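Coordinate analysis (summary)
Chain by chain, the residues run as shown.
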Amino acid sequence: MKVAAPNKQFDRFIARYTPEIGVLARAALARMRTRLPGAIQMVYDNYNALVIGFGPTERASEAIFSIVLYPRWVTLFFLQGAGLPDPHRLLKGKGKVVRHLVLEEAEDLDRPPVEELIAQALARARRPMDGTGPGRMVIKSISPRQRPRRPTR
């Protein structure tokens, strides 16, 4: 059985979401790819959501950010974000490690307070991102059972 190239598989994953979520996700991912050249993009088509982690290696524990698609919204996760200074109180979450913010539009990633959070996360990363190498996408897992990818009304 032939496995599709990662980009083709990824296109199929996103196609299961509403067009609005797909457009927002693709635009947010394009901005992250531009900001993080050389990042390894780890894709997890999980039970609850589609996760695209950005890190310096294929090790999930070294990922710094993730873009996560849910049926009704797209979220930027700061995977080492609990200690980030957040004077604008943008980050949500109360866990010991991760913080997140829901993206209303892809342009949220270009807003100065969000850019500052991203810069701080990169500066504090346990393993720095190498922006010189080629970035690539790796499909890490596909859950056999998944929640619906479109809102149920």
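Before going into details, it helps to say that this report is about the structure given with it. All values reported here derive from a predicted model rather than from experimental measurement.

Cut-offs used in this document
- Residues numbered from 1 in each chain as written.
- Predicted model: local features only at pLDDT ≥ 70, side-chain atom pairs only at ≥ 80, totals over all residues.
- Heavy atoms only, no water.
- Core = buried A, V, L, I, M, F, W, Y, C linked by side-chain atoms within 4.5 Å.
- Buried < 20%, exposed > 50% of the residue type's maximum accessible area, 1.4 Å probe, protein only.
- Helix = DSSP H or I, 4+ residues; strand = E, 2+ residues; numbered from the N terminus.
- Contact = heavy atoms within 4.5 Å.
- 1 Å grid on protein atoms, 1.4 Å probe; cavity = no way out; pocket = protein on both sides within 12 Å on 5 of 7 lines; lining within 4 Å.
- Points joined across faces, edges and corners; volume = space filled by probe spheres on them.
- Nonpolar A, V, L, I, M, F, W, Y, C, P; charged D, E, K, R; others polar.
- Axes fitted to C-alpha atoms, helices over the stretch in contact; angles between N-to-C directions.
- Parallel < 35°, antiparallel > 145°, perpendicular 65-115°, else oblique.
- Expected span 1.5 Å × (residues − 1).
- Arc of directions from axis to C-beta.
- Pairing = 2+ DSSP bridges.
- Phe/Tyr/Trp six-rings, centres within 6.5 Å; stacked < 30°, edge-to-face > 60°.

1. Some remarks on the nonpolar core
Core analysis: the biggest nonpolar cluster contains 36 residues, and Phe-65, Ile-67, Leu-69 and Phe-78 have the highest contact counts within it. Only helix 1 (6-15), helix 2 (19-35), strand 2 (50-55), strand 3 (65-69), strand 4 (74-78), strand 5 (99-103) and helix 3 (112-124) provide two or more residues apiece to this core. Discounting residues that sit within four places of it in the chain, Phe-65 has contacts with Met-32, Leu-36, Ile-52, Gly-53, Phe-54, Leu-76, Phe-77, Phe-78, Leu-79, Ile-118, Ala-121 and Leu-122.

2. Regarding empty space enclosed by the protein
Counted by the stated rule, this structure contains 1 cavity of 30 Å³ or more. Its boundaries defined by the atoms lining it, the largest cavity holds a volume of some 40 Å³. Lining the largest cavity are Ile-64, Gln-80, Gly-81, Leu-84, Ala-121, Arg-124 and Ala-125. The class makeup of the residues in the lining of the largest cavity is 4 nonpolar, 2 polar and 1 charged.

3. Some words on the packing of helix 1 against helix 2
Where helix 1 contacts helix 2, the axes come no closer than 10 Å and their chain directions differ by 140°. When the axes of helix 1 and helix 2 are compared, the pair comes out oblique. Counted together, Phe-10, Asp-11 and Ile-14 of helix 1 and Gly-22, Arg-26, Leu-29 and Arg-33 of helix 2 form the full contact between these two elements. Each residue belonging to the contact of helix 1 with helix 2 can be placed in one class, and the counts come to 3 nonpolar, 1 polar and 3 charged.

4. Remarks on helix 2
Taking 1.5 Å of rise per residue, the 17 residues of helix 2 would be expected to cover 24 Å, and the 24 Å separating its terminal C-alpha atoms lies within 8% of that figure. Here helix 2 has its buried residues at Ile-21, Gly-22, Leu-24, Ala-25, Ala-28, Leu-29 and Met-32. Down the axis of helix 2, the sector holding all buried residues measures 165°, keeping them to one side. When the buried face of helix 2 is taken as reference, the exposed residues oriented beyond 90 degrees from it are Pro-19, Glu-20, Val-23 and Thr-34. If you follow the buried residues of helix 2, they end up packed against helix 1, strand 2, strand 3, strand 4, strand 5 and helix 3.

5. Let's talk about the sheet that holds strand 6 (residues 136-142)
Sheet architecture is open: 6 strands sit in the order 5-4-3-2-1-6, paired in mixed fashion. The strands lining the two open edges of the sheet, one partner per strand, are strand 5 and strand 6. Geometrically, the sheet is characterised by an average inter-axis angle of 20° between neighbouring strands, direction not taken into account. Two strands pair when backbone bridges link them, and strand 3 and strand 4 are joined in this way by 5 bridges, in the antiparallel orientation. Counted as the bridge partner of Leu-69 is Val-74 from strand 4. Along the sheet face, helix 1 touches strand 1 (40-45), strand 2, strand 3 and strand 6 and points at about 55° away from the line of strand 6.

6. Comments concerning the packing of aromatic side chains
A complete count under the given rule lists 2 aromatic pairs for this structure. Relative to Phe-78, the ring of Phe-65 lies with its centre 5.6 Å away and its plane at 75°, an arrangement referred to as edge-to-face. Linking Phe-65 in strand 3 with Phe-78 in strand 4, this pair joins segments that are 13 residues apart in sequence. A relative accessible area of 0% places Phe-65 in the buried class. Using a relative accessible area of 1% as the deciding quantity, one classes Phe-78 as buried. With a centroid separation of 5.5 Å and 40° between ring planes, the pair formed by Tyr-70 and Trp-73 is classed as tilted. Judged by its relative accessible area of 22%, Tyr-70 falls in the partly exposed class.

Bear in mind that shape data such as this cannot, by itself, settle questions of function.
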